[in-house]
Amino acid sequence: MSIIKKNIYALLAGTVLLASCSKDFLTLEPRQNTEVSVAIKDLQGMRAAVNGLYSALQSANYYGRTASVLPDLQSDNAHISTNYSNRYSNQDTYTTTANDGMASGLWNSLYITVANANLLIEKGTALQLPAADTAEQRSILGQAYALRGLAYFDLARYFCQPYNFTADASHMGAPIVLKTATEKAGIVAPPRSTVKQTYDRIIEDLDSAVSKLNRTTSVSVRAKFNVYAAKALLARVYLYKGEWAKVVPLCTDVLAAGSSRYSLIPASTMLGDFLKQNNPEVILEVANTATDNNSTDWLGYFYDQGGYGDMLSTAGLYNIYSATDARRGFITKGSRSSGENPAYIVGKYTRKFEENVKLIRLAEIYLTRAEAYAQLGESDKAIADANVVIARADSDPAALLDAALTGTPLVEAVLLERRKELAFEGQRLFDLTRYKKDFVKIRRGGNTINVKYPENRTIQPIPQRELDANAGLKGQQNPGYF
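Okay, so let's go over this structure. Since the model is a prediction, treat every value here as computed from it, not as a measurement. (Residues numbered from 1 in each chain as written. Predicted model: local features only at pLDDT ≥ 70, side-chain atom pairs only at ≥ 80, totals over all residues. Heavy atoms only, no water.)

1. Remarks on the overall build of the protein
Across its full length, the protein carries 17 helices and 10 strands. Put simply, the protein has 482 residues, and 59% of those count as buried. Restricting the contact set of the protein to residue pairs at least 6 apart, pairs at least 24 apart contribute 72%. Split by element, the accessible area of the protein, about 18,000 Å² in all, is 50% carbon and sulfur. (Helix = DSSP H or I, 4+ residues; strand = E, 2+ residues; numbered from the N terminus. Buried < 20%, exposed > 50% of the residue type's maximum accessible area, 1.4 Å probe, protein only. Contact = heavy atoms within 4.5 Å. Areas by Shrake-Rupley, 256 points an atom, 1.4 Å probe, with all protein chains shown as cover.)

Now the structure itself:
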């Protein structure tokens, strides 16, 4: 069965049991002819459903590891050690095939998220709740729209070429499904939309989220979408589209949230405080706890030398940090047991299972607005925003951007700061491809791959079994994977 069909039908067929802490909030029970709506029949059901959506992000196939690893591993930031556990070796060497398990797992997780968000949106919208419950109902629906928008954005980023790959974004995007089938007759076999249509869907979902989420939403738990997280994600979407004028007001609104909500961690405590849950710089993160985590499949276990320790920084990344830059402390020049010497060991995550994965931080918002300002020719404002992030991390005033920078040199300076600030947070490859840059990929053993834009394998293959089962996808595999 098609993965899309399986996730939109098989996960939903028969009786649906809801559990607030379940990895998949929709679970099969072998009874038939039971209406799916019993799962989401009141506010408690909606709460459980949205908790399940957040839990899906935690999967090792999604932000719990794969989605966080690939954009750094397939760029000039990282490589797999010669002493490795046989994870992501195909992505490291650019030899991924259409049957690759890591790519299939990511695709599967994304459509699980879409399917479950669809169901929550449909059933939650139809509920007639007491007036006292409607504000929370609206907030939960806003979160569901935001999570579906995030999933479609990730489908566009990981499985499609960047927005500007064609002049009108008419190249292949993601299959779009907005209604979850609860009966076999309702299963669909959608073809791929265009990238423009995919981004239109993302923006519509995030606009819906922003309209439903309340500005006064607490940020004490940063593992759930509030209006500022939705606006921050929407700003990133417009950044990827190159719609610079739409980026600025969204970032400005997030930054105007003030110190009562978000603040940059000072350099003196950066290395330790970055690891903390709900740290003041985080706008959105994926939660893990001591009892609800991925165990040895956790992202940090893949980095930590006390775990698998497979993924290492490149020397090139390490060397762009000055000796006075606190962010250099996230990489240690050492050695890998039975592996590289020197090895550039990443310390941004540890093997402690209860650490959270950072999806959006305040520093990114400053740099996002800086890039937009630079592209709009507002150089002074771009420099001011970038220098906020630089001054926080680097004690040497000489590290600040020169006030005379303009045009392309200024854009490049901002991109360099993005590389420094957001290393190992799942951003680098997308920054390279949206600017159509060539780069040198360091692979296992120190060999190199000259990646020339456009490169087919900077995006993942559509899983072969999806293509085999879904007639709508006939002939729509990503080039290079036939």
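Resuming the write-up.
2. Quick look at the sheet that holds strand S5 (residues 311-313)
Pairing is antiparallel in the open sheet, where 4 strands are placed in the order S3-S5-S7-S6. Each of the sheet's edge strands pairs with one partner strand only, and the pair in question is strand S3 (78-80) and strand S6 (331-334). Taking the axes of each pair of neighbouring strands and ignoring which way they run, one obtains an average angle of 45 degrees across the sheet. As defined by bridge partners, S6 adjoins strand S7 (residues 343-346) across 4 bridges and the pair is classed as antiparallel. The residue of S7 that forms the bridge with Ile331 is Val346. Sheet strands in contact with helix H3 (residues 66-73) are S3 and S5, and its direction is about 110 degrees off that of S3. (Pairing = 2+ DSSP bridges. Axes fitted to C-alpha atoms, helices over the stretch in contact; angles between N-to-C directions.)

3. Focus on the environment of Gln91
On the secondary structure map, Gln91 appears in helix H4 (residues 89-93). Using a relative accessible area of 1% as the deciding quantity, one classes Gln91 as buried. A sequence separation of 17 residues divides Gln91 from Gln74, and the C-alpha atoms of the two residues are 6.4 Å apart. The contacts of Gln91, once residues within four sequence positions are left out, are Leu70, Leu73, Gln74, Thr96, Asp100, Met102, Ala103 and Gln460. A polar contact of 2.9 Å, which involves the side chain of Gln91, links it to the side chain of Asp100. (Polar contact = N/O pair within 3.5 Å; in protein donor to acceptor, adjacent residues only side chain to side chain.)

4. A look at unusual backbone geometry
With an omega dihedral of 5 degrees, the bond running from Asn341 to Pro342 counts as a cis peptide bond. The step from Tyr453 to Pro454 runs through a cis peptide bond, and the omega angle for that step is -5 degrees. Considering the arrangement of structural elements, one finds Pro454 in the loop between strand S10 (448-451) and helix H17 (464-469). One non-glycine residue with positive phi stands out, namely Ser295, at about 55 degrees.

5. Some details on the pattern of salt bridges
Applying the stated criterion across every chain, the model contains 35 salt bridges. For the salt bridge of Glu371 with Arg434, the shortest nitrogen-to-oxygen distance reads 2.7 Å. Of this pair, Glu371 sits in helix H13 (residues 362-375) while Arg434 sits in helix H16 (residues 428-434), and the two are 63 residues apart along the sequence. Judged by relative accessible area, Glu371 falls into the buried class, the value being 0%. The exposure class of Arg434 is buried, given its relative accessible area of 6%. (Salt bridge = Lys/Arg side-chain N within 4 Å of Asp/Glu carboxyl O.)

6. Points about the nonpolar core
Tyr62, Leu120, Tyr199, Phe225 and Ile283 are the most contacted members of the largest nonpolar core, which totals 129 residues. The element contributing the most residues to this core is helix H6 (residues 134-159), with 14 residues. Beyond its immediate sequence surroundings of up to four residues, Phe225 is in contact with Tyr54, Gln143, Ala146, Leu147, Leu150, Leu213, Ala230, Leu233 and Leu284. Core analysis: the next-biggest nonpolar cluster, separate from the first, contains 6 residues, Tyr94, Leu432, Phe439 and Val451 among them. (Core = buried A, V, L, I, M, F, W, Y, C linked by side-chain atoms within 4.5 Å.)

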